[in-house]
Amino acid sequence: MTSTVDYGDRIPNNVDLGRDRVLQRALEHWQPAYMGWWFDMGPTGSQAYDVYLRTAISVDPEGWANFGYVKMPDYRWGIFLAPPVAGREVNFGANKGRPAWQDVPGEYRSPLRRIIVTQGDTEPASVEQQRMLGASCPSLYDLRNIYQVNVEEGRHLWAMVYLLHRYFGRDGREEAEALLERRSGDEDNPRILGAFNEPTPDWLAFYMFTFFTDRDGKFQLSSLAESGFDPLARTCRFMLTEEAHHMFVGETGVGRIVQRTAEAMAEAKVENPDQVRDLGVIDLPTIQRYLNFHYSVTLDLFGSDVSSNAATYFTSGLKGRFSETKIDDDHVLDEATYGVSEVVGGNVVNRYAPALSALNERLRDDYIAEVQAGVDRWNRHIARAGLPFSLKLPHKAFHRAIGNFAGHYVSPSGDVMSKEEWQARRNRWLPTEKDYAFVQSLMAGRVVEPGKFANWIAPPRTGINARPLDFEYVRFN
Ligand code: BYC
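Residues numbered from 1 in each chain as written. Predicted model: local features only at pLDDT ≥ 70, side-chain atom pairs only at ≥ 80, totals over all residues. Heavy atoms only, no water.

Caption draft 1: Examining the layout of surface pockets more closely. Of the pockets and cavities examined, the largest pocket occupies roughly 810 Å³. Forming the boundary of the largest pocket are 36 residues, of which T118, L193, Q220, L301 and G303 lie nearest the centre. Of all the secondary-structure elements, those providing two or more residues to the lining of the largest pocket are α3 (109-130), α6 (203-224), α9 (284-300) and α10 (308-316). Tallied by class, the residues present in the lining of the largest pocket amount to 14 nonpolar, 13 polar and 9 charged. Taken together, 17 residues form the lining of the second largest pocket, with T252, R256, Q259, H381 and R461 sitting closest to its centre. Among the secondary structure elements, those contributing two or more residues to the lining of the second largest pocket are α7 (230-268) and α11 (359-384). (1 Å grid on protein atoms, 1.4 Å probe; cavity = no way out; pocket = protein on both sides within 12 Å on 5 of 7 lines; lining within 4 Å. Points joined across faces, edges and corners; volume = space filled by probe spheres on them. Helix = DSSP H or I, 4+ residues; strand = E, 2+ residues; numbered from the N terminus. Nonpolar A, V, L, I, M, F, W, Y, C, P; charged D, E, K, R; others polar.)

In C-alpha cells:
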C-alpha cells in the first residue's frame with residue numbers, strides 16, 4: 001500500500017522529501033487520490049501503453065531529463081525546485097531589498113495561497129480537457145507529444161501541491177484535495193479560470209490551446225518566478241523548462257496543419273474553402289476562426305485590465321512582471337502609468353492608468369508580442385505556397401469576457417457594434433458547429449503506423465530526442 005512507498009526514493013526530488021515526516025504523511029494521503037484522478041480523468045484508454053517519455057530527473061541544465069518507455073500510471077512525477085540563488089532578495093514592491101522569504105510571510109498568506117491554487121488548478125484542468133484526443137491522433141509522434149504534455153501538467157500539479165502541503169498546513173492540504181475534485185466544464189464544481197472550462201474537442205483545438213494557452217502559462221510562471229516567496233520562484237523557474245516543449249508542440253502543430261493546407265491548395269490550385277475541404281485538409285478560414293477563439297479566451301486569462309488584485313500581488317512582492325529584474329525602472333511603480341484601452345462612446349480608446357493597477361494589461365501586452373511572432377511564422381508557410389491569405393490576431397477587444405471589454409461587441413478589426421450586428425457575423429469569426437463537425441470528420445480514427453501521418457497535417461521536421469520519424473513512440477501492447 002501507499003504507506004510502504006519510500007517517497008524520498010519513489011518521487012524523484014531535490015527537496016529532501018524523505019527527511020520531512022509531516023510532508024511525507026501529507027503526500028502519502030494525497031498520492032492515491034492523485035492516482036485515482038489520473039485513472040478517472042487522465043488520457044482515456046492509455047494506462048497500459050508504453051510511451052517514449054521524458055522524465056525530469058534533476059535540475060542540471062545539461063541533463064535534467066531522461067527519455068525511455070514508461071506506462072503513464074508509472075510516470076515518476078517528481079518535485080524539483082531550481083537551485084537557490086545565494087542572498088536573493090525581494091526584487092520589487094514595498095518589500096524590495098528585503099531578503100526573499102523562505103517561509104510564507106504571515107500577512108500575505110491568503111493571496112499567496114490563492115495564486116498557488118489558481119496556478120495549480122489549471123494543470124489538471126488541461127489534462128481533463130485533452131483526455132479524449134488519443135483516439136483521433138494523427139500519428140504516433142503526435143500521440144506521444146500529447147501524452148508528454150499531459151504527464152508534465154500532472155507534474156506541475158505536483159509542484160503546486162508540494163508548496164501547499166509544505167507551507168500551508170491544513171488549509172494547504174484541503175486546497176490540494178479540492179484541486180482533484182474540481183472538473184473542467186463541470187456545472188457545479190468547475191475549474192477556476194474560464195479557458196480551462198472550454199472543451200478541447202479536436203487536434204486543431206489542442207494545438208491552438210498549447211500555442212496560446214500554454215503560453216499564458218509561460219508568462220504567468222515567469223511572473224511567479226520573480227516572486228519574493230523563494231520556494232514559489234524556484235518551483236516556477238524549473239516548470240518553465242518543461243513548458244517550452246508544450247509551446248513547441250502547439251506552434252509546430254498549428255504550423256504543420258497550415259503547411260499541409262497551403263501545400264494541398266497550391267498543388268490543386270484551389271482557394272475556395274469548400275473545395276479545400278474536399279482535399280481532406282482544414283481550410284484557412286476555419287483555422288483563422290479557431291485562432292480567434294483560442295486567442296480571445298486566453299487573453300481573458302490575464303485578468304482585468306485594471307486590477308487591484310494585481311497591484312496587491314506586486315506591491316506585496318508576490319508576483320512580479322515578465323522579466324522583472326531585467327526592467328530598468330524603480331520596481332515600485334508608485335508614480336508610473338501604463339496605457340489601457342476601453343470602449344467609450346462606441347469607440348475603443350486608450351487612456352493611462354496607474355501602472356500598478358495595470359499590471360495584468362502589461363503582461364497581456366508582453367504575451368501578445370510573442371504570440372504575434374508565432375503567427376508570423378505560420379504565415380510563412382502560406383506565403384511560401386504563394387497564396388494571398390494571412391492569419392491575423394484579432395483585435396484585443398474581440399470576444400472578451402473579462403476586463404474593460406466584457407459586455408461589448410467588438411469585431412476582429414476593432415469596430416464596436418451592437419449585439420445584433422455582432423451576432424449576425426459571429427459565424428464568420430468564431431468556429432461554428434459545422435466547422436467542428438468538419439474538423440472532427442477528418443479525425444475520425446487514429447493513425448498509428450510508425451512514420452505515417454494523417455492527411456491533414458504535415459510531418460514534423462525531426463523526431464523526438466533525435467529518434468527518426470518512424471520510431472515507435474507509443475507501443476500499444
Ligand atoms: N476566468 O482583478 P481580476 C497555465 C476572476 S495558465 C474566470 O480581474 P486578477 C497552464 C478573478 O479570479 C497560467 N475568472 O484578476 C496553461 C477574480 O475573482 P474574485 C495560470 C477570472 O486576480 C495551459 C475576479 O475575476 N496561472 O499555467 O488580477 C495548460 C477579478 O479579478 C478570470 C495563473 O493564472 C478568468 N479568465 O488576475 C496548463 C497565475 N480572470 O476575486 C497550465 C495565478 C480573472 O472576484 N493567477 N478572474 O473571486 C493570477 O495571477 C490571477 O489570479 C489572474 C487573475 C491573472 C488569473
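There is more to say, and it comes next.
Caption draft 2: Structural view of the packing of aromatic side chains. Taken as a whole, this structure holds 40 aromatic pairs when the rule is applied. With a centroid separation of 5.2 Å and 85° between ring planes, the pair formed by Y167 and F229 is classed as edge-to-face. Of this pair, Y167 sits in helix α4 (residues 140-167) while F229 sits in the loop between α6 and α7, and the two are 62 residues apart along the sequence. Using a relative accessible area of 0% as the deciding quantity, one classes F229 as buried. Within the aromatic cluster, the residues linked to one another by ring pairs are W30, Y34, W37, W38, Y75, W77 and W158. Lying across the ring of F211, R215 places its NZ or CZ 4.6 Å from the centre. Above the face of the F471 ring, R467 is positioned so that its terminal group lies 5.5 Å from the ring centre. (Phe/Tyr/Trp six-rings, centres within 6.5 Å; stacked < 30°, edge-to-face > 60°. Buried < 20%, exposed > 50% of the residue type's maximum accessible area, 1.4 Å probe, protein only. Lys NZ or Arg CZ within 6 Å of the ring centre and 35° of its normal.)

Caption draft 3: Expanded view of the site of the ligand. The ligand sits among 29 residues. The nearest are R114, Q119, S304, S307 and K319. Within the side chain of R114, a nitrogen or oxygen atom sits 2.8 Å from an oxygen atom of the ligand. A distance of 2.7 Å separates an oxygen atom of the ligand from a polar side-chain atom of S307. Look at the ligand: alone it shows 1,000 Å² of surface, and the protein chains cover 81% of it. Under a 2 Å grid-point criterion requiring more than half of the atoms, the pocket assigned to the ligand is the largest pocket. Contributing elements (two or more residues each) for the shell around the ligand: α3, α6 and α10. Take the shell around the ligand: its biggest share by element is 7 residues, from α3. The class makeup of the residues in the shell around the ligand is 9 nonpolar, 13 polar and 7 charged. (Near = heavy atom within 4 Å. Polar contact = N/O pair within 3.5 Å; in protein donor to acceptor, adjacent residues only side chain to side chain. Areas by Shrake-Rupley, 256 points an atom, 1.4 Å probe, with all protein chains shown as cover. Sits in = over half its atoms within 2 Å of the grid points.)

Caption draft 4: Here's a closer look at empty space enclosed by the protein. Counted according to the given criterion, the structure contains 4 cavities of 30 Å³ or more. Its boundaries defined by the atoms lining it, the largest cavity holds a volume of some 100 Å³. Taken together, S223, A310, Y313, F314, K319, G320, R321, L359, N360 and L363 make up the lining of the largest cavity. Among the elements of the structure, α10 and α11 are those that each provide at least two residues to the lining of the largest cavity. The residue inventory of the lining of the largest cavity, partitioned by class, reads 5 nonpolar, 3 polar and 2 charged. Volume-wise, the second largest cavity comes out at about 70 Å³. Along the walls of the second largest cavity sit R10, I11, Q31, M35, P73, Y75, R76, W77 and W158, which together make up its complete lining. Classifying every residue of the lining of the second largest cavity by side-chain character gives 6 nonpolar, 1 polar and 2 charged.

Caption draft 5: Region of the structure containing the pairing of strand β4 (residues 347-354). The sheet contact formed by strand β3 (residues 337-344) and β4 spans 8 bridges and is antiparallel. Paired with Y338 across the bridge in β4 is A353. Following β3, the chain reverses through 2 residues before pairing antiparallel with β4; G345 in that reversal takes a positive phi of roughly 55°. (Pairing = 2+ DSSP bridges.)

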